[in-house]
Amino acid sequence: MVEIDATTIARERLRAAGLSDATIATLLERAIPLVRGLAELAELDAQLPEPALTWRPLGEIDS
Amino acid sequence: MTAPDLAFASIAQIAPRIRRREVSPVEVTAAVLDRIERQNPTLTAFITGTADAARAAAQEAEREIAAGAYRGPLHGVPVSLKDLYLTAGVRTTGGSRILADDVPTEDATVTRRLREAGAILVGKCAMHEFAYGTTTINPHYGTTHNPWKLDRITAGSSGGSAAAVAAGLGYASLGSETGFSIRRPAAFCGVVGLKPTYGRVSRFGMLPAAWSLDHAGPLTRSVEDAAIVLDAIAGPDQRDPAASSRPAPGVAAELRRDVAGLRIGLPRHHYVGLVDPAVEAAFDAAVATFQALGAIPVEVRLPRVAYATVASSTIMFSEVTATHARWIAERPDDYGADVRARIQLGFCLSAIDYVRAQRVRRWIAEEVAATLQTVDLLVSPTTPQVATPIEGGLAALGDPGFVVADGPYNLLRLYALVGIPAVSVPCGFSPEGLPIGLSIAGRAFDEATVLRLAHAYEQATEWHQRRPPLA
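Residues numbered from 1 in each chain as written. Chains lettered and ligands numbered in written order. Predicted model: local features only at pLDDT ≥ 70, side-chain atom pairs only at ≥ 80, totals over all residues. Heavy atoms only, no water.

Draft legend 1. Geometry of the overall build of chain B. The helix and strand tally for chain B stands at 15 helices and 15 strands. Taken over the C-alpha trace, chain B has a radius of gyration of 20 Å; the compact-globule value for 471 residues is 23 Å, and the two agree within 12%. For chain B, the spread of C-alpha atoms along the three principal axes comes to 60 × 55 × 45 Å. Counting over 471 residues, chain B shows a buried share of 66%. Sequence-distant contacts, at least 24 apart, represent 78% of the contacts inside chain B between residues at least 6 apart. Accessible area of chain B: about 15500 Å², with a carbon and sulfur share of 52%. Computed over 45 positive and 47 negative side-chain charges, the separation of the two mean positions in chain B equals 3 Å. (Helix = DSSP H or I, 4+ residues; strand = E, 2+ residues; numbered from the N terminus. Rg over C-alpha atoms; globule rule 2.2 N^0.38 Å. Buried < 20%, exposed > 50% of the residue type's maximum accessible area, 1.4 Å probe, protein only. Contact = heavy atoms within 4.5 Å. Areas by Shrake-Rupley, 256 points an atom, 1.4 Å probe, with all protein chains shown as cover. Lys, Arg positive; Asp, Glu negative; His and termini not counted. Charge placed at Lys NZ, Arg CZ, Asp CG, Glu CD.)

This is the structure we're talking about:
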């Protein structure tokens, strides 16, 4: 698995969202494993199908 | 019937007596309201009571039934709603301070369908704030206590609904599930909790947590009762863009078909040695019961399910934070600390993360669908542990968060993620007397087979007949 600096990534993302450093400090303990989890998902890209988001035309009867 | 017998009867037991006018909806409702008045100060199962309206509705039900206008098995039966279902004229708080004074002018679809079925609404149940937590320890409305041991949690977010049903405060409650918020409270409180197929029951008028994960479903004291409630609330609804247009054939009538020959898939690598020993022992005994009923256990492997927790969390966090983006910016201090933190955590996620998680979702769903071509059902312990101490809070639950590994939490998150129907039924008690639950899941829109096995198991055991040690 590609090594990532989960702490820096988490801090930067939360800072980009406008959260204060004090708030970020309270979130990091949970944000770090979340970022690591996201990296695990990124490793799967080559084998993943299209997302479960396919738009269906309004009024189409579901199958 | 004594008052406790009346309060703890099932819908299937009480309904024919109501229909034959052996017992009046007024009497039944009075017994339930009396119990709520006595027990709710201890349990905090309800945020808002609707006693006056319930008495009036019960009198109307009595008149209708006397006039021969019987609506069905829910007519005159007291039920409750998790406080995220819009209820016209009754405040609907979402367990929050932000919506503390919000009184909707129209009903959610499920509220309306229950009223049309003649059910008597006795109150709005306590819940984890905005359905975004797993303990029903709520800083705004108090902590909901487990009727089996008052110092234990009910789990969440449908904790009030589970406690109400377990304690005889109504015959059914409508909960909701985004992660596992019907089934874990059901397991912790020793009741049945059904999460139907995504789209089987309308979400219109349900305060959203995560739109693509939210499910409405009943908590009851028996599988047959869950089927009765599902039959009343399921079916197409043009006001919910995710509601399936498939007709919802009644499932209650299918419950007593034979289960011999059903192939039940056991994803053992996700729970063997990974759950509380009492939970594993109870589950192993349940598998023996399934075999005695003629079902065929088959070990299955679901390696992709190792990613269910992180995929579900990514989708959930993204959608919930999107829902709350304005409030969290303008009124952060009006949230409880745990929910505020969880919403803020959603800002860690990018659009690419969300789309990728939805690709993982489809990838996992494909594996589950393929497996359900080789077996009829998937069965596992509902949750790795029994009810934990309130004093320990969320930490006592020991939920791992976002691990990517084989483990029971992936199974716990799986069914809401892929949208297949799943029910939790009581399957035993721990040495301390705390309930244990097992989950049965099946193919999309095949609630009938899921509930058929659940009913057969329930009738072959006596767990559902036990009552918590309340006054």
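Once you've had a look at it, read on.
Draft legend 2. Structural detail: the sheet that holds strand S8 (residues 172-177) of chain B. Residue and element names in this part refer to chain B. Spatial strand order, S1-S3-S2-S8-S10-S9-S14-S15-S13-S11-S12: eleven strands in an open sheet with mixed pairing. Edge strands, defined here as strands with exactly one partner in the open sheet, are strand S1 (46-49) and strand S12 (296-299). Averaged over neighbouring strand pairs, the angle between their axes works out to 30° when direction is ignored. As paired strands, strand S11 (residues 263-266) and S12 are joined by four bridges and run parallel to one another. Within S12, the position partnered with Arg-263 by the bridge is Ile-296. This element, helix H3 (residues 25-43), spans S1, strand S2 (78-82) and strand S3 (120-125) of the sheet and lies at about 20° to S3. (Pairing = 2+ DSSP bridges. Axes fitted to C-alpha atoms, helices over the stretch in contact; angles between N-to-C directions.)

Draft legend 3. The arrangement of the interface of chain B and chain A in detail. Taken residue by residue, the interface counts 30 residues in chain B and 30 residues in chain A. Between chain B and chain A, the buried area comes to about 2800 Å², and carbon and sulfur atoms account for 66% of it. Remark: the boundary between chain B and chain A carries three salt bridges. Between A:Asp45 and B:Arg359 there is a salt bridge, with its nearest N and O atoms 4.0 Å apart. Here chain B and chain A share eight residue pairs in polar contact (both at pLDDT 80 or more) between them. Among the elements of the structure, helix H10 (308-330), helix H11 (337-345) and helix H12 (351-371) of chain B are those that each provide at least two residues to the side of chain B that touches chain A. (Buried area = accessible area lost by both parts, 1.4 Å probe. Salt bridge = Lys/Arg side-chain N within 4 Å of Asp/Glu carboxyl O. Polar contact = N/O pair within 3.5 Å; in protein donor to acceptor, adjacent residues only side chain to side chain.)

Draft legend 4. Broad picture of the environment of B:Pro208. With respect to the helices and strands, the residue B:Pro208 is situated in the loop between strand S9 (192-195) and strand S10 (215-220). Linking B:Pro208 and B:Ser176, residues 32 residues apart in sequence, is a C-alpha distance of 9.9 Å.

Draft legend 5. Representation of the environment of B:Ala281 within the structure. Tracing the backbone through its elements, the reader meets B:Ala281 in helix H9 (residues 277-292). The spacing of B:Ala281 and B:Ser430 is 149 residues in sequence and 9.5 Å in space, taken between C-alpha atoms.

Draft legend 6. Up close: unusual backbone geometry. Residue and element names in this part refer to chain B. The omega torsion of the bond from Gly-156 to Ser-157 falls at 15°, within 30 degrees of zero and hence cis. Topologically, Ser-157 is positioned in the loop between strand S7 (149-153) and helix H6 (159-166). Backbone geometry places Phe-130, a non-glycine residue, at a positive phi of 55°. As for its position among the elements, Phe-130 is in the loop between S3 and strand S4 (137-138). Owing to a relative accessible area of 7%, Phe-130 belongs among the buried residues under this scheme. In this model, Ala-155 sits at a positive phi of 75°, which is unusual for a non-glycine residue. Within the element layout of this structure, Ala-155 appears in the loop between S7 and H6.

Draft legend 7. Here's a closer look at the packing of H10(B) against H12(B). All names here are of chain B. Contact geometry of H10 with H12 gives a least axis separation of 9 Å together with a crossing angle of 135°. When the axes of H10 and H12 are compared, the pair comes out oblique. Between H10 and H12 lies a crossing whose hand is left-handed. Of the residues in H12, those touching H10 at Ala-308, Ala-311, Thr-314, Ile-315, Ser-318 and Glu-319 are Asp-353, Tyr-354, Ala-357, Gln-358, Val-360, Arg-361 and Ile-364. Residues that form the contact of H10 with H12 fall into these classes: seven nonpolar, three polar and three charged. (Parallel < 35°, antiparallel > 145°, perpendicular 65-115°, else oblique. Left-handed = near helix turned anticlockwise from the far one by under 90°. Nonpolar A, V, L, I, M, F, W, Y, C, P; charged D, E, K, R; others polar.)

Draft legend 8. Molecular detail of the pairing of strand S13 (residues 377-381) of chain B. All names here are of chain B. Among the five residues in S13, five count as buried, and that is most of the element. Sheet analysis places S11 next to S13, joined by two bridges and oriented parallel. When the sheet's bridge partners are listed, Ile-264 is paired in S13 with Leu-377. Two elements, S13 and strand S15 (residues 435-442), share five bridges in a ladder whose sense is antiparallel. Paired with Leu-377 across the two strands is Gly-442, which belongs to S15.

Draft legend 9. Focus on the side chain of B:Ser181. Residues and elements named next belong to chain B. For Ser-181, the position within the fold is in the loop between S8 and helix H7 (183-189). Judged by relative accessible area, which is 7%, Ser-181 ranks as buried. Among the polar contacts made by the side chain of Ser-181, one reaches the main-chain amide nitrogen of Ser-157 at a distance of 3.0 Å. Setting aside residues no more than four positions away along its own chain, Ser-181 makes contact with Lys-82, Gly-133, Gly-156, Ser-157, Ser-158 and Ser-176.

Draft legend 10. How the structure looks around H6(B). Most of H6(B) sits inside the fold, with eight of its eight residues counted as buried. Following H6(B) by one or two positions, B:Gly168 adopts a phi angle in the positive range, close to 75°.

Draft legend 11. Here's a closer look at the nonpolar core. Counting 166 residues, the largest nonpolar core has B:Phe290, B:Ile364, B:Leu438, B:Ile440 and B:Leu453 as the members making the most contacts within it. The leading source of residues in this core is helix H2 (residues 21-42) of chain A, at nine residues. Excluding anything up to four places from it in sequence, B:Ile440 contacts B:Phe290, B:Leu377, B:Leu378, B:Val379, B:Pro421, B:Ala422, B:Val423, B:Val450, B:Leu453 and B:Ala454. (Core = buried A, V, L, I, M, F, W, Y, C linked by side-chain atoms within 4.5 Å.)

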